[in-house]
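One letter stands for each residue in the lines below.
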Protein chains: 6
Amino acid sequence: MRPDGRRPDELRPVKICHDFLKYAEGSVLIEVGDTKLICSASIEDKIPPFLKGTGKGWVTAEYSMLPRSTEHRTIRDSARGRVSGRSSEIQRLIGRSLRSIVDLGRMGEHTIWIDCDVIQADGGTRTAAITGSYIALVDALRKLKEQEKWDSLPVSDYMAAVSVGKVREQVLLDLCFIEDSMAEVDMNVVMTGDGRFVEVQGTAEGMPFTRDELHSFIDLAADGIQQLITYQKEILGDLDE
Amino acid sequence: MRPDGRRPDELRPVKICHDFLKYAEGSVLIEVGDTKLICSASIEDKIPPFLKGTGKGWVTAEYSMLPRSTEHRTIRDSARGRVSGRSSEIQRLIGRSLRSIVDLGRMGEHTIWIDCDVIQADGGTRTAAITGSYIALVDALRKLKEQEKWDSLPVSDYMAAVSVGKVREQVLLDLCFIEDSMAEVDMNVVMTGDGRFVEVQGTAEGMPFTRDELHSFIDLAADGIQQLITYQKEILGDLDE
Amino acid sequence: MRPDGRRPDELRPVKICHDFLKYAEGSVLIEVGDTKLICSASIEDKIPPFLKGTGKGWVTAEYSMLPRSTEHRTIRDSARGRVSGRSSEIQRLIGRSLRSIVDLGRMGEHTIWIDCDVIQADGGTRTAAITGSYIALVDALRKLKEQEKWDSLPVSDYMAAVSVGKVREQVLLDLCFIEDSMAEVDMNVVMTGDGRFVEVQGTAEGMPFTRDELHSFIDLAADGIQQLITYQKEILGDLDE
Amino acid sequence: MRPDGRRPDELRPVKICHDFLKYAEGSVLIEVGDTKLICSASIEDKIPPFLKGTGKGWVTAEYSMLPRSTEHRTIRDSARGRVSGRSSEIQRLIGRSLRSIVDLGRMGEHTIWIDCDVIQADGGTRTAAITGSYIALVDALRKLKEQEKWDSLPVSDYMAAVSVGKVREQVLLDLCFIEDSMAEVDMNVVMTGDGRFVEVQGTAEGMPFTRDELHSFIDLAADGIQQLITYQKEILGDLDE
Amino acid sequence: MRPDGRRPDELRPVKICHDFLKYAEGSVLIEVGDTKLICSASIEDKIPPFLKGTGKGWVTAEYSMLPRSTEHRTIRDSARGRVSGRSSEIQRLIGRSLRSIVDLGRMGEHTIWIDCDVIQADGGTRTAAITGSYIALVDALRKLKEQEKWDSLPVSDYMAAVSVGKVREQVLLDLCFIEDSMAEVDMNVVMTGDGRFVEVQGTAEGMPFTRDELHSFIDLAADGIQQLITYQKEILGDLDE
Amino acid sequence: MRPDGRRPDELRPVKICHDFLKYAEGSVLIEVGDTKLICSASIEDKIPPFLKGTGKGWVTAEYSMLPRSTEHRTIRDSARGRVSGRSSEIQRLIGRSLRSIVDLGRMGEHTIWIDCDVIQADGGTRTAAITGSYIALVDALRKLKEQEKWDSLPVSDYMAAVSVGKVREQVLLDLCFIEDSMAEVDMNVVMTGDGRFVEVQGTAEGMPFTRDELHSFIDLAADGIQQLITYQKEILGDLDE
């Protein structure tokens, strides 16, 4: 039995509050069970130095947790004077994933900053960040589309993410914190609307896994992600409109 | 006319969502007009080095803004590698104010960390932080009271804060961002339930002010703070219980 | 009785050594009792990015203490890798106060850097810094006036600062370190030559204060500041010349 | 055709210089084609704070590149004042992978520090770091085994890593830098001697990949890793001796 | 002709104000021509970790310049977030020099912190720092001698320092800033009262120097240092008393 | 007897592997006994701000040790967030020495970055860094000469460095780590091919030294350096070709 009574292949309840912030060009409050985070997208009319003169745009992400989003208070990155290794790894993953479905070459010299701030953490913050940021990003790109009079959105597909794992010999979808901390294997999967992979990151925590297990993780993740993408479609409608 | 149609001596609507976070010993989401912030209180069974062996406790605060809480995206303190001067000044004010109504000598060797994270900023974030943190602090102290079997809460009074200012020759209560950015004088006042001052910080932005003006600022702030304390009493009930 | 035998409303002896440094455009060594600090003003022909293209100038301040200006050696900000919260708060106060009596719009694209370095600290370093920096600033502006052929100095008035406080139920002017460390209330006041307020910062250390007490602090501070401004006038002469 | 004439499923020549450093408890110089790095293992008789009192040991890794290991000089992390996001991500991967095949509970209160310093980078530095560090780690554990009179090595299996990728529609093993920079998909795989997975990290650079492609990546990586492990066995001999 | 009319072998006027600071265990204001700095010595009853349990003491130094001690304002180390390479090199020289004439083994577990803060810089700040710090150090050690009831001071000799250099083909003693900036060779020499060398640091700026030139630098420095030590003896009296 | 059986005036075996790195414009692996380091020279078509518009070039150096180049693991500068004082001092010495034999005025607006990374440290790393970097620098300048069609190399002479010291009353050439740690005097000397001095840095560790001792240090160093320069000439050939 899972701590919250879910079936092994069941997602936690997902709730997305669209246009959550007053100033951001795109923003959501996404809740996945007790995991809650704010994702915002901000347009800046500058690009990083390595893109100067290419006419391309850029999408980059920052991820942080409020100190008391966690069971025990976590010291702030700003108090330690640097971004933690974990935050750095997560924000690189978010940025890379989002860039893979955006046509940067059609964006013009704009940067979209994605900010993912975890209000409450109960497992799966990085995958919820990707699922939520995707919506904020599309909102910001729609603002740019209007402003720049683009014919279409420079976005190739929907995209969402979920975690899967092996806990006490069972393969589970969408791990909460307690499950995650006992997991023998932990995998994060990012997929597009047409069922292809953007990222697959599987880690054996203590016990290496077999190829068959890898397949079952992938199957389970694919099912969960399609449900999340269905929700994204409800919120965003057709990308071509 | 004020941008939101308020009278000069009128507070913005205040909404406090009590017990907002799952893990923190005390927490609120406080909204003052469009200003929104999360205040949490975390108990740690350690004290700073300078208190070792004194049997005293400590209350300290950290303040930060989400990057897109502001009209234009603000770079994160963690990305700059240090806490900004403004954040540092505000968190010192919050900590100092809260300590002034707590009997640290009766707290035992515990630290209470107050975290104020601004979700959306429309003026008055530091005073909202004090008003909201007071509630989170009392909640955490009530948990300690039960755990440590104290006879009473080591808190001397209620406490709240508000801003006042002079804008286009008019004295206004509870400035929103637009008013704040045009203010000739900006004053933050922190008061207790019995009407005494904990902090008075008045700053002339461009035009020094007279003693009569000082009096009218103080009068207006005192009225506003008593309304906020009435709200705190509704939420917290009697401090002796 | 005060530690140095002063009356409650008596300033410590103030000594200002004008043109203390060889290279700076303005500089003083100011001594207030045993508190000693060097204030210098440096002209730079650049302005901060947010003023680019406005034609305005800027005045900014930095404050630091020599490690052994204090009773026990204080670790250097540079050894800790960042400016302390206290230094940051003080230098913001100094900069803000000085800017309030300068007409930045008439300064042209120049920045004046104010450096306040405490040689010896016996209470009241931030107010002595304001009183002394004012002189260094005027000296630097006079150099600019000559160089830029301005008709008049872009300075609206004299300005000085003093601390007041409540110690063992007594209201005292110009607290030395021992008094400051026992004070129940500590207030710093910055005023102009015409008796108006630039900053009022009152803090209850442990015991909130009443409105009557606030009035008596203000009265006492105003008297002290007028004496300091008389001294400034002796040194600087008429601002219009 | 690959730039160095290899078949798609062919590893670059691998050369491991065992016991490369005079002082380290374990060390190699590993060369994979033109990629060269030094891996060392250092024993420290301390453990991180979160393990105090558990009797467990720890394995942690640091990764860095010499400034001119790259085609264009890379600025040092120490000059920038912090570890880059990329280095941080890689050193977390190395440490996590090595810990997955060590029985930390049998290590006693020792930390083994793994240092991977890239002398020359031509693609695949993170996988070469894992393959090489494994040897340095076993050497250090053998020193501890002797010193602590353990019955057996607390290591469950051999372990090595390799990259695979999709370049111009072709699936390739062990990408060199030129191939890596053109890759549509880039995957790093860490496996044990018995053919199970420790880490699978696949990233679509621009073009999401299908499940069939995922399978062919995994197949190719598994073959390459078994060749590397054969080499490790030659160098280290039987883990039980 | 030298800028201030001195003979090639002539020191600038030296003025040492003894016991300059109220709190420090030893302190001077030393002026060498227009170069002015404060040297203080602070006793701390702790020693660095690498000396724990050895019974030895330690002497260490920090060096810094006030921002406007220089012709053009220098940015503070604390604003840059780190000690500059130049400051670091100078403070290592000062600490090493002072330790060479102190018997650390007889000091007990005390650290003496030397702080050298340059008020005004006109060349020769590092050598003036050594000459002045020596006096502050002896004062602090005399306080420790009394407190710890040592039989004698753990100091082997007097010590002072001076610069020499080659400017426009002429060998000069005690270079001021203008001379220093034109010097082809710049040498700093630290010597003891009995005429032996503690440090010799000669640097060719552009033009390597011959052995004969080295000799003439050394001769000139030795003469200057003996004059400085005569002055130290006047101030400090006999080291055995 | 010396630990490795050398005569007092005998260098350790020196081995220089020329063109050690694939990408750098100049590079060597230099081994002096068990001391091993990589020196590389990188050309950058930019110059530091203080040279803008002068047409001059620049040479600068960075020095670092791999964590396990030392007997006990040394924490990385990047993990501590700053360059250590020792590294900073050494890299300043290397840069200054190299600049003294380069005609920067003839270099055009190029910077040459010298990177010295210690693989294994057994004393004399800073002098080996100078001897090795000289070769890397000449290689890079030869590339620039060809590219920029200079008539001749802007290098005035060969240059190498060695340490000398006094250990147990004996004057020794080229100290290894054990000797260095027992040395009463430690001196580093940098000389040119024509026997002139670029740097002389002598430090008394505990016992000041006499002028006669200074002479014998210099004599011994001069002999050692001429042997190193003979080796450099073998590698580099005539500077005019």
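Above this text you will find the structure in question.
Overview of the structure. (Residues numbered from 1 in each chain as written. Chains lettered and ligands numbered in written order. Predicted model: local features only at pLDDT ≥ 70, side-chain atom pairs only at ≥ 80, totals over all residues. Heavy atoms only, no water.)

In this section: the relation of the copies chain D and chain F. In the superposition of chain D on chain F (RMSD 0.0 Å, axial shift 0.0 Å), the rotation amounts to 180°. In the structure described here, the two chain copies are related by an operation that fits a two-fold rotation axis. (Least-squares fit on C-alpha atoms with pLDDT ≥ 70 in both.)

A word on the relation of the copies chain A and chain B. For these two chains of identical sequence, chain A goes onto chain B by a turn of 180° and a shift of 0.0 Å along the axis, with RMSD 0.0 Å. Taken together, the interface assignments show that 100% of the residues at the interface of chain A recur at the interface of chain B, consistent with an identical surface on both copies. (Contact = heavy atoms within 4.5 Å.)

To continue, consider the packing of aromatic side chains. A complete count under the given rule lists 24 aromatic pairs over all chains for this structure. Ring centres of Tyr 134 of chain E and Tyr 158 of chain E lie 6.1 Å apart, and the angle between their planes is 45°; this geometry places the pair in the tilted category. Remark: Tyr 158 of chain E occurs in the loop between helix H3 (125-148) and strand S6 (159-167) and Tyr 134 of chain E occurs in helix H3; sequence separation between them is 24 residues. Of the two residues examined, Tyr 134 of chain E and Tyr 158 of chain E, each falls in the buried class. On the numbers, 5.1 Å between centres and 90° between planes, the contact of Phe 50 of chain F with Trp 58 of chain F is edge-to-face. Given a relative accessible area of 19%, Trp 58 of chain F falls into the buried group. One cation-aromatic arrangement involves Lys 36 of chain A over Phe 20 of chain B; the distance from NZ or CZ to the ring centre is 5.8 Å. (Phe/Tyr/Trp six-rings, centres within 6.5 Å; stacked < 30°, edge-to-face > 60°. Helix = DSSP H or I, 4+ residues; strand = E, 2+ residues; numbered from the N terminus. Buried < 20%, exposed > 50% of the residue type's maximum accessible area, 1.4 Å probe, protein only. Lys NZ or Arg CZ within 6 Å of the ring centre and 35° of its normal.)

What follows is about the pairing of strand S6 (residues 159-167) of chain C. Residues and elements named next belong to chain C. Burial runs high along S6: nine of the nine residues are buried. The two faces of S6 match: Met 159, Ala 161, Ser 163, Gly 165 and Val 167 on one face and Ala 160, Val 162, Val 164 and Lys 166 on the other face are all buried. In this structure, S6 lies alongside strand S7 (residues 170-173), joined through four bridges in antiparallel fashion. Its bridge partner lying in S7, Gly 165 is registered against Leu 172. In textbook terms, the turn of a hairpin is the stretch between consecutive antiparallel strands, and for S6 and S7 this stretch comprises two residues, one of which, Arg 168, has a positive phi near 45°. (Pairing = 2+ DSSP bridges.)

Glancing now at the interface of chain D and chain F. Counting from both sides, the interface comprises 35 residues of chain D and, opposite them, 35 residues of chain F. With both chains or domains summed, chain D and chain F bury close to 2,900 Å², and 51% of this area falls on carbon and sulfur atoms. Looking at the side of chain D facing chain F, the largest losses of area belong to Tyr 23, Arg 68 and Arg 76 of chain D, adding up to 27% of the total buried there. Our count for the contact surface shared by chain D and chain F stands at 16 salt bridges. Note that Asp 34 of chain F is salt-bridged to Lys 22 of chain D, the shortest N-O span being 2.6 Å. The tally of links from chain D across to chain F stands at 22 residue pairs in polar contact (both at pLDDT 80 or more). The greatest single-element share of the side of chain D that touches chain F, amounting to six residues, is contributed by strand S5 (residues 111-120) of chain D. (Buried area = accessible area lost by both parts, 1.4 Å probe. Salt bridge = Lys/Arg side-chain N within 4 Å of Asp/Glu carboxyl O. Polar contact = N/O pair within 3.5 Å; in protein donor to acceptor, adjacent residues only side chain to side chain.)

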